[in-house]
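Chain by chain, the residues run as shown.
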Amino acid sequence: MAAVYKSLSKSNGTSTQASNDAEKKPKNRQRVLLIPSRGITQRHRHLINDLYSLLPHSRRDAKLDTKSQLHQLNELADLYSCNNVLFFEARKGKDLYLWLSKPPNGPTIKLHVQNIHTMEELNFTGNCLKGSRPVLSFDKAFDGQAHTRLLKEMLTQSFGVPKTSRKVKPFVDHVVGFSLVEGKVWLRCYQIAETETPRHVAKEAKPASTATPISVPGEKPGDPSISLIEIGPRLVLTPIVILEGSFGGPVIYENKEFVSPNQIRSDLRRKKAGSYNSRAEQIGEGKAKRRDLGLRSGEGVREVGELDDRVVFA
């Protein structure tokens, strides 16, 4: 009886210890919902497919019919057990906006997507295992301001693949880089390629021309050389506004330097219209001058009137 009691106490002790260890280590439960709006183009759809293949913890859904009632995305995220939403909003079949939200309490960041290049268009030689976890690399400039630090945290939670994801593979073979240049976020993806170099080869040997070498501290001549090969896709994100809630709430940041593509197209049309109007005014002024001089339009001949010499002395 004592042996049974002793074994039970040991099992209880190990179970309580395991439960305590599980409580001490919080699990990273991140899941992303990828959903587009109506009116996306073929390039936009290919971009969403590329991001879906790079994010094994994501869930893709059909197109959202409405563009005004975005609070419905909170209900969809709750339905699919997602705590991150990437909503791609297409406008006029040309412009693409990305809503990066953290439901149900927020915040929400609206970004303008430019310079889109999909994997199929780039056709790079790099490749990575589907379902592998990426290494997130952020520029040092993200720590400069408050809104860039918030943007960095939102991108980390959306693109950082947790270990406990259902479709994740136990490999880390690519890098997702975020660079902040002139207030815009440049996104690039690279494959981590390892090449074994023989011991008799010098350390200063040049790597392949298509790869970017990485200097590893403490690297020896016999160690494998590590390089980065770009995979794709490429895109540039311009922050527009940051909302306090999820797809709503007060504006806590607004980019004053952002100019909408509609305004740019309107200015170009107005400029073309202004040049046309100036030419039309010049033509009208020329006709008026010729009319005052009594010249016929388009000719250098004076019109014959009633008091002309050729009429009086005919």
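Residues numbered from 1 in each chain as written. Predicted model: local features only at pLDDT ≥ 70, side-chain atom pairs only at ≥ 80, totals over all residues. Heavy atoms only, no water.

## Topic: the overall build of the protein chain
Counting its regular elements, the protein chain contains 7 helices and 12 strands. Split into buried and exposed, the 314 residues of the protein chain put 35% on the buried side. Across the protein chain, contacts joining residues at least 24 apart in sequence account for 66% of those joining residues at least 6 apart. Entry remark: accessible area of the protein chain is about 20100 Å², with carbon and sulfur atoms responsible for 52%. (Helix = DSSP H or I, 4+ residues; strand = E, 2+ residues; numbered from the N terminus. Buried < 20%, exposed > 50% of the residue type's maximum accessible area, 1.4 Å probe, protein only. Contact = heavy atoms within 4.5 Å. Areas by Shrake-Rupley, 256 points an atom, 1.4 Å probe, with all protein chains shown as cover.)

## Looking at helix 2 (residues 42-54)
Here helix 2 contains 13 residues, and its C-alpha end-to-end distance of 19 Å stays within 8% of the 18 Å for a straight helix at 1.5 Å per residue. Looking at helix 2, one finds that the buried residues are His44, Leu47, Ile48, Asp50, Leu51 and Leu54. When helix 2 is viewed along its axis, its buried side chains cluster within an angular range of 160 degrees and face the same direction. (Expected span 1.5 Å × (residues − 1). Arc of directions from axis to C-beta.)

## Here we look at the pattern of salt bridges
One pass over the full model with this rule turns up 9 salt bridges. Residue aspartate 143 is joined to lysine 152 by a salt bridge in which the shortest nitrogen-to-oxygen separation is 3.5 Å. On the accessibility criterion, aspartate 143 (42% relative accessible area) is partly exposed. (Salt bridge = Lys/Arg side-chain N within 4 Å of Asp/Glu carboxyl O.)

## A short note on a nonpolar patch on the surface
A cluster of nonpolar side chains, namely Val259, Ile264 and Leu268, defines an oily patch on the protein surface of about 260 Å² accessible area. Along the chain, the position of valine 259 falls in the loop between strand 12 (251-254) and helix 6 (261-293). For valine 259, a relative accessible area of 44% puts it in the partly exposed group. (Patch = residues over 30% accessible without salt bridge, like charges linked within 9 Å, V, L, I, M, F, W, Y side chains within 5 Å.)

## Points about the nonpolar core
One finds Phe88, Leu155, Phe178 and Val185 to be the most contacted residues of the largest nonpolar core, which totals 35 residues. Setting aside its immediate chain neighbours within four residues, leucine 155 contacts Leu100, Leu136, Phe138, Gly160, Phe178 and Val185. With 13 residues, the next largest nonpolar core counts Leu33, Cys82, Val85 and Trp99 among its residues. (Core = buried A, V, L, I, M, F, W, Y, C linked by side-chain atoms within 4.5 Å.)

## So, the side chain of aspartate 50
Tracing the sequence through the fold places aspartate 50 in helix 2. Buried charged residue aspartate 50 carries no salt bridge. Nearest counter-charge: arginine 60, at 8.7 Å. Not counting residues up to four positions away in its chain, the partners in contact with aspartate 50 are Thr118, Met119 and Pro233. (Lys, Arg positive; Asp, Glu negative; His and termini not counted.)

## Concerning the pairing of strand 1 (residues 32-36)
Regular strands place side chains that alternate from one sheet face to the opposite one. For strand 1, the tally of buried residues reaches 5 of 5 residues, placing the bulk of the element in the interior. Side-chain alternation along strand 1 places Val32, Leu34 and Pro36 on one buried face and Leu33 and Ile35 on a second face that is also buried. Sheet topology note: the strand 1/strand 3 (residues 84-91) ladder contains 5 bridges and is parallel. Note that in strand 3 the partner of isoleucine 35 across the bridge is phenylalanine 87. (Pairing = 2+ DSSP bridges.)

## Observations concerning the packing of aromatic side chains
As enumerated under the stated definition, the model contains 4 aromatic pairs in all. Aromatic pair phenylalanine 138 and phenylalanine 142: ring centres 5.5 Å apart, planes at 90 degrees, arrangement edge-to-face. With relative accessibility at 0%, the residue phenylalanine 142 sits in the buried group. For the pair phenylalanine 138 and phenylalanine 178, a centre-to-centre distance of 4.9 Å together with 15 degrees between the ring planes defines the contact as stacked. (Phe/Tyr/Trp six-rings, centres within 6.5 Å; stacked < 30°, edge-to-face > 60°.)

## So, the state of the cysteines
Here, disulfide denotes a covalent bond that connects the sulfur atoms of two cysteines. Inspection of the entire model under this criterion finds 0 disulfides. Unpaired in this structure, cysteine 189 has its nearest cysteine sulfur neighbour in cysteine 128, at a distance of 8.0 Å. Relative accessible area serves as the criterion here: at 2%, cysteine 189 is assigned to the buried category. (Disulfide = S-S within 2.5 Å.)

## Comments concerning helix 6
An α-helical turn contains 3.6 residues, so a residue and the one three or four places further along point in the same direction. Helix length check: helix 6, at 33 residues, gives a terminal C-alpha distance of 49 Å against a target of 48 Å (1.5 Å per residue), a fit within 8%. Those residues of helix 6 lying buried are Pro261, Ser266 and Gly286. Where helix 6 is buried, its residues meet strand 4 (95-101) and strand 5 (108-117).

## So, the confidence of the model for the protein chain
Of the residues in the protein chain, 80% have a pLDDT of 70 or more, and the chain-wide mean is 83. pLDDT under 50 marks residues 205-209. Its contacts with residues more than four places away, or in other chains, come to 1 contact. (pLDDT = per-residue confidence, 0-100.)

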